[in-house]
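# Understanding the architecture of this molecule
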Amino acid sequence: MLSSDVPESVQRFIEYLQIKTVQPTPDYASCTLFLQRQAEEIGLEFSVTECIAGKPIVVLTLPGLSPSEPSIILNSHTDVVPVFPSLWTQDPFGAARVADGEGDYRIYARGAQDMKIVGMAYLEALRAFKQDGTRLQRTVHAVFVPDEEIGGHEGMELFVESEEFRKLNAGFALDEGMANPKDELRVFYGERAPCWIKFVARGNAGHGSQFIEDTAGERLHRVVGRMLAFRSEQLELLQRPLDDGGERTLGDVTSTNLTLLQAGVQHNVVPAEAMAGFDIRMTPAVDYLGFRRWLEQVAQEEGVELEFVQFWADNTMTPREGTFWAAFAGALQQLDIKYRNEIFPAATDSRYLRRAGVPALGVSPLCGLPILLHDHDEYVRESDYTHAVDFYKCVVKALANTV
Ligand SMILES: CSCC[C@H](NC(C)=O)C(=O)O
Ligand SMILES: [Zn+2]
Ligand SMILES: [Zn+2]
């Protein structure tokens, strides 16, 4: 039990952080019960959809005065990534509130940044609207989805295809972004597309003491060399300024990493097969299908097989114009927040929303804070949480009143 000097909103955040929704065995049942209690306390409509049994999509709804207008979706994922407990100085699921010596507190927990702070700040903003009698024009749905951390295939990917999602009549969505150590909000209007591939080379086998010709290792080596040359080109591009003189960010280039290597059984046996896997993230400016054809050509020229483990072919971006964008940008101006528009370097559930025709912005209102998502000792400051609630009060009000 927390002492009464901890603000009630912070107590609720801590309670959410303590629920072990950690992959690969997230406790979604406890999480759903917690969210149901929040809905009852706040006075929000509550529903649960399971596209796959045991994978709940929880929706808490604040009906608007113009319910036929497309709604605002406040999306967050409930799952968090695993921890290496020995590398934490705090219990990753204790959500310890530790004075930082500067009049603030740090709240340590897995999911503090990614992205339970966002989910709870949405609810606190809706709670404030209910408490002070603020009525919004558009209906607002706070949507809590499972399994984002493992690709969202049994969560948002199926949900956007469901009748329950269609009934939400979504017009615009907010989703996760990333902290910025600088004092500038990162607004993600698109994201890079994952392209996960495996090259499998086959060649002559034999005794390790001989000059065996045309081996799997040699073929794979040539392919890896070409992929790493492409990697170097893109890394060099990252360091060149944009046409308007601005700095390029990771989202503006295509990154390539050699992430899997497999071959061999013992030292003196030349293996007949060797595999190299790459995690490639394609920037939306790239012609994805053209890039795919280039990969196929490399494989063919080097005489290896190519397998696409994952290839995201949609590069829909959220327009930075129109009423929703104007309302969002206006709210940031009102809050006196400096921001920069970026392409998210990795993949979030926003890609499913955008592909389904719902413009989404990825924003985690965490400025002046180290990026600790997926890292040890993940924390946020208590003031980040308070600011996040104020942020969503202003932004959600602006978005939901654009009619
Ligand atoms: C492609 S499914 C995996 C999703 C994961 N998302 C994040 C945010 O780390 C990633 O980009 O690797
Ligand atoms: Zn996340
Ligand atoms: Zn994550």
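Residues numbered from 1 in each chain as written. Chains lettered and ligands numbered in written order. Predicted model: local features only at pLDDT ≥ 70, side-chain atom pairs only at ≥ 80, totals over all residues. Heavy atoms only, no water.

The name an unreviewed UniProt entry gives the protein is Adenylate cyclase, with Coemansia erecta as the organism.

What follows deals with the coordination of the zinc ion (ligand 2). Each pair of donors in an ideal octahedron of six around a metal sits at 90 or 180 degrees, and each pair in an ideal tetrahedron of four sits at 109.5 degrees. Every protein donor of the zinc ion (ligand 2) is listed here as H77 (NE2), D114 (OD), E176 (OE) and E176 (OE), and their distances to the metal cover 1.9 to 2.7 Å. Coordination at the zinc ion (ligand 2) comes from 4 donor atoms whose angles at the metal span 53 to 153°, giving a geometry best classed as irregular. Each donor residue of the zinc ion (ligand 2) belongs to the same chain, and together they define the spacing H-x36-D-x61-E. A separation of 3.3 Å is found between the zinc ion (ligand 2) and the zinc ion (ligand 3), which share D114 as a coordinating residue. Taken together, the positions of H77 in strand β3 (residues 71–77) and E176 in the loop between β7 (170–175) and β8 (185–191) put the pair 99 residues apart, joining distant regions of the chain. The burial state of H77 is the same as that of E176; both residues are buried. (Donors = N, O, S within 2.8 Å, 3.2 Å for Na, K, Ca; no water. Tetrahedral: all angles 85-135°; square planar, octahedral: opposite > 155°, others 65-115°. Helix = DSSP H or I, 4+ residues; strand = E, 2+ residues; numbered from the N terminus. Buried < 20%, exposed > 50% of the residue type's maximum accessible area, 1.4 Å probe, protein only.)

With that settled, consider the environment of T283. Residue placement: T283 occurs in the loop between β13 (273–282) and α7 (288–302). Residues T283 and V304, spaced 21 residues apart in sequence, show a C-alpha to C-alpha distance of 26 Å.

Read from one edge to the other, the open sheet built from 4 strands follows the order β11-β13-β9-β14, with strand pairing classed as antiparallel. The sheet terminates laterally at β11 (255–263) and β14 (305–311), the two strands that pair on one side only. Averaged over all pairs of adjacent strands, the angle between their axes in this sheet comes to 20°, without regard to strand direction. Here 10 bridges tie strand β9 (residues 193–202) to β13, and the two strands are oriented antiparallel to one another. Residue pairing in the sheet places A201 in a bridge with A274 of β13. (Pairing = 2+ DSSP bridges. Axes fitted to C-alpha atoms, helices over the stretch in contact; angles between N-to-C directions.)

This brings us to helix α3 (residues 112–132). In terms of burial, α3 is largely enclosed, as 18 of its 21 residues are buried. One or two steps after α3, the chain reaches G133, where phi turns positive at roughly 75°.

Glancing now at the packing of aromatic side chains. In this structure the tally under the stated criterion is 17 aromatic pairs. Note on F13 and Y385: the rings are 4.5 Å apart at their centroids and 15° apart in plane angle, and the pair reads as stacked. Linking F13 in helix α1 (residues 8–18) with Y385 in helix α10 (residues 382–400), this pair joins segments that are 372 residues apart in sequence. Each member of the pair, F13 as well as Y385, carries the same accessibility label: buried. Note on F308 and F311: the rings are 5.6 Å apart at their centroids and 85° apart in plane angle, and the pair reads as edge-to-face. Judged by its relative accessible area of 18%, F311 is buried. Pairwise contacts between aromatic rings join Y16, F34 and F144 into one cluster. Its end group placed over the ring of Y16, K116 keeps NZ or CZ at 5.0 Å from the ring centre. Directly above the aromatic system of W312 lies the positively charged group of R351, at a separation of 5.2 Å from the ring centroid. (Phe/Tyr/Trp six-rings, centres within 6.5 Å; stacked < 30°, edge-to-face > 60°. Lys NZ or Arg CZ within 6 Å of the ring centre and 35° of its normal.)

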